[in-house]
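A structural walkthrough
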Amino acid sequence: MAGSLNKVMLIGNLGADPEIRTFQNGGKVCNLRIATSDRWRDKNTGENREKTEWHTVAIFAEGLVRICEQYLKKGSKVFIEGALQTRKWQDQSGNDRYSTEVVIQGYGGTLTMLDGRSGGENASGSSYNIGGASSSSSSSSFDQANQSMPSPSDLDDDIPF
């Protein structure tokens, strides 16, 4: 394999207010718990079913930590883009434990508030990227500036069927 990719994209709701912790060196980390849900209709019973997955997100980018601290709260709908990382730690009994979480740090991380800054239902989302891109507001849940969409004149009208 020529290369590899470690990228996670989630759209979900915060299960709790952001947890901000400060390191001894003055740096900060923001921990989020994001719920994503799958919904379907059971073929046998006809009942609506739902399964919720919980994801732990750690944000180390200073600017994004400030945004989380100021604007996010329990129930906020967010789109995040980061990388999976597994870390090893020891519990109080000295047993090795492992935690896998989505980490946003360095280049390529994104946080988009889908509820907008005011948290209203119809508010446009605000996107915050790290890695040289500036923050922007857009009505799309994804960063439109980084996606190149063909214009209608670029599309071929000759359809073979």
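Residues numbered from 1 in each chain as written. Predicted model: local features only at pLDDT ≥ 70, side-chain atom pairs only at ≥ 80, totals over all residues. Heavy atoms only, no water.

Things to note about the pattern of salt bridges
Under the defined criterion, the tally for this structure stands at 10 salt bridges. For the salt bridge of Glu19 with Arg21, the shortest nitrogen-to-oxygen distance reads 3.2 Å. On the basis of relative accessibility, which here comes to 41%, the residue Glu19 falls in the partly exposed class. A residue is classified by how much of its surface remains accessible, and Arg21, at 44% relative accessible area, is partly exposed. Glu50 is the salt-bridge partner of Arg39, the closest N and O atoms lying 3.3 Å from each other. Remark: Glu50 occurs in strand S4 (residues 48-59) and Arg39 occurs in strand S3 (residues 28-41); sequence separation between them is 11 residues. Judged by its relative accessible area of 64%, Arg39 falls in the exposed class. (Salt bridge = Lys/Arg side-chain N within 4 Å of Asp/Glu carboxyl O. Buried < 20%, exposed > 50% of the residue type's maximum accessible area, 1.4 Å probe, protein only. Helix = DSSP H or I, 4+ residues; strand = E, 2+ residues; numbered from the N terminus.)

Section: the confidence of the model for the chain
Chain-level pLDDT for the chain is 80 on average; 71% of the residues reach the 70-or-more range. Mean pLDDT across the elements of the chain bottoms out in strand S9 (residues 136-138) (39) and peaks in strand S1 (residues 8-14) (97). Low pLDDT (under 50) marks residues 119-123, which in the prediction has 5 contacts with non-local residues, meaning those over four places away or in another chain. Taken together, the stretch residues 132-151 has pLDDT below 50 and engages in 22 contacts with residues farther than four places along the chain or on a different chain. (pLDDT = per-residue confidence, 0-100. Contact = heavy atoms within 4.5 Å.)

Quick notes on the pairing of S1
Judged from the 6 bridges that link them, S1 and strand S5 (residues 77-90) form a sheet pairing that is antiparallel. Residue pairing in the sheet places Asn13 in a bridge with Lys77 of S5. Where S1 and S3 come together, 2 bridges link them in antiparallel fashion. When the sheet's bridge partners are listed, Leu14 is paired in S3 with Ile34. (Pairing = 2+ DSSP bridges.)

Concerning the environment of Arg66
Note on placement: Arg66 falls in helix H1 (residues 62-71). Take Arg66: its relative accessible area is 44%, and that puts it in the partly exposed class.

Brief notes about the pairing of strand S2 (residues 19-22)
Two faces make up the sheet, and in a regular strand the side chains alternate between them. Here 4 bridges tie S2 to S3, and the two strands are oriented antiparallel to one another. Looking across to S3, one finds that Thr22 is bridged to Lys28.

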